[in-house]
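Chain residues, written in single-letter form:
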Amino acid sequence: LATTGLLLAFAGCDSGFGQATARHLDTMGFRVFASVLDPQGPGAQELRRSCSPRLTLLQMDLTKPEDIQSVLQHIQTHTNSTGLWGLVNNAGFNDTIADAELSPLGKFRTCMEVNFFGSLELTKGLLPLLRSAGGRIVTVSSPAGDLPFPCLAAYGASKAALSLLMDTFRSELQPWGVKVSIVLPGYYKTGTTCDPAFWNLQKQRLVASLPPELLQAYGEDYVEEINRQFIQFMKVAVEDLSAVVNSITDGLLAANPAVRYYPGQGLGLMYFIHRYLPYFIRDLFLKGFFINPKLPRALRSEHHDDTKK
């Protein structure tokens, strides 16, 4: 493929995979429309500094339909005659590490709004352009959408919906010549994912928002311990994002892109356990690998002893 002048739309370029890949594709000669949440933020400034004038920055909050419509109109105006070669759905949101019962319903809704509905609306809006070019859709999902990671229910459920949606698009768009790939990365340092101060603040907000009887049943130390283990886990996250950047690029450019890409350490073993071994082994593995919550307060023997006195 001749890359010069090919047009790409890219959602979620403030940091992490989106920013690194937008920069990489710009150096390859693509015309990139990169959406950012904050056009004055450090991520947007970095893209302005490091990319060519071909790259266009567009402000978009995926929870705001008017932002999505504005981006769609801008891209349509600039690509009507050429079509659009590629769409990369990369925007993702999660700010809660807790059991499903402890996660506020609003957090589930926000995850669905950004990770699922935002990507759905953007993809549907750009499909006429992608169909006319016989182009590509590459979507960054997560292994948390395939496997029940402890304390990631809100995020995982939204990514499960996203993965299934993209798999459906892949099947439905085959007659149009549009190829659809999903990227399921391992554990990488992106955005706020590795900032202990951010997660400690989220934990405090969560504890303050819980109904007293729920906090009593689980115990504040239970939430503290989950947060401590998660921060510990993210210390081993990979800083080099090139494996993910290469997967997204391959999804856009390979003659026969993979349906699924798994950049990252340990994913092969994880999926093998998920597919071939009993559920209890998979659950033990995920707890040992990621977060292994202590027993909720109401189930601990010392609590029972206290209540008997």
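Refer to the structure presented above.
Reference entry: report on the structure contained in this document. (Residues numbered from 1 in each chain as written. Predicted model: local features only at pLDDT ≥ 70, side-chain atom pairs only at ≥ 80, totals over all residues. Heavy atoms only, no water.)

Section: the nonpolar core
Generally speaking, nonpolar side chains in soluble globular proteins are found buried as a group.
Move 1: Counting 64 residues, the largest nonpolar core has Ile75, Leu122, Leu126, Ile137 and Phe149 as its most contacted members.
Move 2: Sorting elements by how many residues they give to this core places helix H4 (residues 105–133) first, with 9 residues.
Move 3: Residues Phe10, Phe17, Ala22 and Val245 belong to the second largest nonpolar core, which totals 27 residues. (Core = buried A, V, L, I, M, F, W, Y, C linked by side-chain atoms within 4.5 Å. Buried < 20%, exposed > 50% of the residue type's maximum accessible area, 1.4 Å probe, protein only. Helix = DSSP H or I, 4+ residues; strand = E, 2+ residues; numbered from the N terminus.)

Describing the packing of aromatic side chains
Move 1: According to the stated counting rule, one finds 15 aromatic pairs in the structure shown.
Move 2: Where Phe233 meets Phe289, the ring centres are 5.5 Å apart and the plane angle is 75 degrees; that geometry is what we call edge-to-face. Linking Phe233 in helix H8 (residues 220–234) with Phe289 in helix H11 (residues 279–289), this pair joins segments that are 56 residues apart in sequence.
Move 3: Exposure remark for Phe233: the relative accessible area of 9% places this residue in the buried category.
Move 4: By relative accessible area, which is 28% here, Phe289 ends up partly exposed.
Move 5: An aromatic cluster of three or more residues is present, and its members are Phe149, Tyr187, Phe198, Trp199, Phe230, Phe233, Phe285, Phe289 and Phe290. (Phe/Tyr/Trp six-rings, centres within 6.5 Å; stacked < 30°, edge-to-face > 60°.)

Looking at helix H6 (residues 196–209)
The periodicity of an α-helix, 3.6 residues per turn, causes residues three or four places apart in sequence to face the same way.
Move 1: Over its 14 residues, H6 extends 20 Å from the first C-alpha to the last, a length consistent with the 20 Å expected when each residue adds 1.5 Å.
Move 2: Among all positions of H6, only Trp199, Gln202, Lys203, Leu206 and Val207 are buried. Projected onto a plane normal to the axis of H6, the buried residues spread over an arc of 135 degrees and lie on a single side. Opposite the packed face of H6, turned more than 90 degrees from it, sit the exposed residues Ala197, Arg205 and Ala208. (Expected span 1.5 Å × (residues − 1). Arc of directions from axis to C-beta.)

As for a nonpolar patch on the surface
Move 1: Where nonpolar side chains cluster on the molecular surface, the patch consists of Leu269, Phe272, Tyr276, Leu277, Phe280, Ile281 and Leu284 and spans about 740 Å² of accessible area.
Move 2: Mapping Phe272 onto the fold places it in helix H10 (residues 267–276). (Patch = residues over 30% accessible without salt bridge, like charges linked within 9 Å, V, L, I, M, F, W, Y side chains within 5 Å. Areas by Shrake-Rupley, 256 points an atom, 1.4 Å probe, with all protein chains shown as cover. Salt bridge = Lys/Arg side-chain N within 4 Å of Asp/Glu carboxyl O.)

Side note on the sheet that holds strand S1 (residues 7–11)
Move 1: Spatially, S3-S2-S1-S4-S5-S6-S7 is the arrangement adopted by the 7 strands of the open sheet, whose pairing is parallel. Edge positions in the sheet fall to strand S3 (56–59) and strand S7 (260–261), since each has one partner strand and no second.
Move 2: As defined by bridge partners, strand S4 (residues 86–89) adjoins strand S5 (residues 136–140) across 4 bridges and the pair is classed as parallel. By the bridge assignment for S5, Asn89 is matched with Thr139. (Pairing = 2+ DSSP bridges.)

Some thoughts on the pattern of salt bridges
Move 1: Under the criterion given, the structure shown has 12 salt bridges.
Move 2: The partner of Arg49 in a salt bridge is Glu46, with the nearest N and O atoms 2.9 Å apart. Placement of the pair is Arg49 and Glu46 together in helix H2 (residues 42–50), with a separation of 3 residues, close to one helical turn.
Move 3: The class for Arg49 is exposed, based on a relative accessible area of 61%.
Move 4: Of the residues examined, Glu46 reaches a relative accessible area of 24% and is grouped as partly exposed.
Move 5: Here Lys294 and Asp221 are joined by a salt bridge, their closest N and O atoms 3.1 Å apart. A residue pair is termed long-range when its members are at least 10 positions apart, and Lys294 in the loop between H11 and helix H12 (301–308) and Asp221 in helix H8 qualify at 73 residues.
Move 6: Through salt bridges with shared partners, a single network forms among Arg23, Glu46 and Arg49.

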